[in-house]
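# A structural walkthrough
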Amino acid sequence: MLFADQRLDLTQPHVMGVINVTPDSFSDGGDFFASQTLCLDAAMVRARAMVAQGASFLDIGGESTRPGADPVSVQAEIDRVIPVIEAIKASLDIVVSIDTSTPEVMTLAAEAGAGLINDVRALGRKGALQAAADTKLPVCLMHMQGDPKTMQINPSYNSVVSDIGHYFDERIEQCNLVGIPTERIIIDPGFGFGKTLVHNLQLLKHLSVLANKGLPILVGMSRKSMIGNVLNRPVDQRLHGGLATAVMAYERGARIVRVHDVAPTVDALRMTHAIINSDVTVSQ
Ligand code: 9MG
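Since the model is a prediction, treat every value here as computed from it, not as a measurement. (Residues numbered from 1 in each chain as written. Predicted model: local features only at pLDDT ≥ 70, side-chain atom pairs only at ≥ 80, totals over all residues. Heavy atoms only, no water.)

Another point: the overall build of the protein. Along the backbone of the protein there are eleven helices and twelve strands. In summary, the protein has a C-alpha radius of gyration of 18 Å against a globular reference of 19 Å for 284 residues, a match within 12%. Based on the C-alpha atoms only, the size of the protein along its principal axes is roughly 55 × 40 × 40 Å. Within the protein, buried positions represent 52% of all 284 residues. (Helix = DSSP H or I, 4+ residues; strand = E, 2+ residues; numbered from the N terminus. Rg over C-alpha atoms; globule rule 2.2 N^0.38 Å. Buried < 20%, exposed > 50% of the residue type's maximum accessible area, 1.4 Å probe, protein only.)

Another point: the nonpolar core. Proteins that are soluble and globular tend to have nonpolar side chains buried together. Core analysis: the biggest nonpolar cluster contains 69 residues, and Leu58, Ile60, Ile88, Leu123, Leu141, Ile185 and Val219 have the highest contact counts within it. Looking at this core, the element that brings in the most residues is helix 2 (residues 74–91), giving seven residues. For Ile60, the contacting residues outside a window of four places in its chain are Ile19, Val21, Val81, Val84, Ile85, Ile88, Val96, Ser97, Ile98 and Asp99. With twelve residues, the next largest nonpolar core counts Phe3, Leu8, Ile186 and Leu218 among its residues. (Core = buried A, V, L, I, M, F, W, Y, C linked by side-chain atoms within 4.5 Å. Contact = heavy atoms within 4.5 Å.)

Looking at the ligand, the residues that line it are Thr65, Asp99, Asn118, Val120, Cys140, Met142, Asp188, Phe193, Leu218, Gly220, Lys224 and Arg258. At a separation of 2.7 Å, a nitrogen atom of the ligand approaches a polar side-chain atom of Asn118. Between the ligand and Asp188 there is a distance of 2.5 Å, counted from a nitrogen atom to a side-chain nitrogen or oxygen. Notes on the ligand: free accessible area 310 Å², of which the protein chains cover 96%. The set of elements that each furnish at least two residues to the shell around the ligand consists of strand 9 (139–142) and strand 11 (217–220). Here the residues of the shell around the ligand are counted per class, giving five nonpolar, three polar and four charged. (Near = heavy atom within 4 Å. Polar contact = N/O pair within 3.5 Å; in protein donor to acceptor, adjacent residues only side chain to side chain. Areas by Shrake-Rupley, 256 points an atom, 1.4 Å probe, with all protein chains shown as cover. Nonpolar A, V, L, I, M, F, W, Y, C, P; charged D, E, K, R; others polar.)

Turning our attention to the pairing of strand 12 (residues 254–259). Burial of strand 12 is extensive: five of the six residues sit out of reach of the surface. Alignment of strand 3 (residues 14–20) against strand 12, held across four bridges, turns out to be parallel. Within the sheet, the bridge partner assigned to Gly17 lies in strand 12 and is Val259. Pairing of strand 11 with strand 12 involves four bridges; the strand directions are parallel. (Pairing = 2+ DSSP bridges.)

Turn by turn, an α-helix covers 3.6 residues, leaving residues three or four places apart pointing in a common direction. Within helix 3 (residues 103–112), burial applies to Pro103, Val105, Met106, Ala109 and Ala112. Residues of helix 3 that are buried make contact with helix 2, strand 7 (95–99), strand 8 (116–119) and helix 4 (128–135). Directly after helix 3, the chain includes Gly113, whose backbone phi takes a positive value near 115°.

Right, let's get into the packing of aromatic side chains. Applying the stated criterion to the full structure yields two aromatic pairs. Centroid distance Phe3 to Phe57: 5.0 Å. Interplanar angle 90°. Geometry classified as edge-to-face. Here the residue Phe3 occupies a position in strand 1 (residues 2–3), and Phe57 occupies one in strand 6 (residues 57–61), the gap between them amounting to 54 residues. Of the two residues, Phe3 and Phe57, neither departs from the other in class, the shared state being buried. A centroid spacing of 5.7 Å and a plane angle of 65° characterise the contact between Tyr167 and Phe168, whose relative ring orientation is edge-to-face. On the basis of relative accessible area, Phe168 is assigned to the buried category, the value being 0%. (Phe/Tyr/Trp six-rings, centres within 6.5 Å; stacked < 30°, edge-to-face > 60°.)

Put into structure tokens, the structure is as follows:
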């Protein structure tokens, strides 16, 4: 798939490093802020480290999507993410993904060099479909039931896997109508977004049903509460559980894994890839 100026082979596993330029994200929120001021240097130190560790994408977000988060103004989001994208594109060879639902941010991020639009609202905000189409960039459509403020209050589905499958059919059709071809669409079931623990576990177990649609799949489970709830671990002790989810997701068809811990995830996926492809690559 072509991400602005870079082509990536999505038959291989890829790791997307998370850089949240927000004061309030659940895991790395505030890492790049001092007294409400953006610390560009600190963000670039993290970006360089993630690239050196083998990330294929850096996902830059300026609006927290953690459960209970409040929306942010368009201008604040622009002021947070655009300088970071410009600095990364000026010095690093990496695909920048813009984590946004805001049409104005999509447009400016594309102009600044972003190669992917990652929208947890699947281009559902007013004007987002057209803005994304105009950039000509690939888009990642993520499923969320409700909105971040209320999504974890009693989420319910008839059948979580097929409900989400039907949701994607409808969103893909909407994308096609505004000129975003299916070949530029990545889908993401949205672990933790309006889902109980059981919904999340079922989605991961049956991810291959969504993979059978033939579109690339992105997943994000890094440090999320589905890991914390199974293992009874706080946010900073969820790496091992996260690696198990990354390996299972790749084995079931995911090709991009969005994580905070790039180096161990790259190793885990390279190892899994070698095992899966051992019939053709390993001689006795
Ligand atoms: C921004 N963001 C937070 N969690 C995410 C997930 O699971 N997938 C995608 N695509 N984006 C996410």
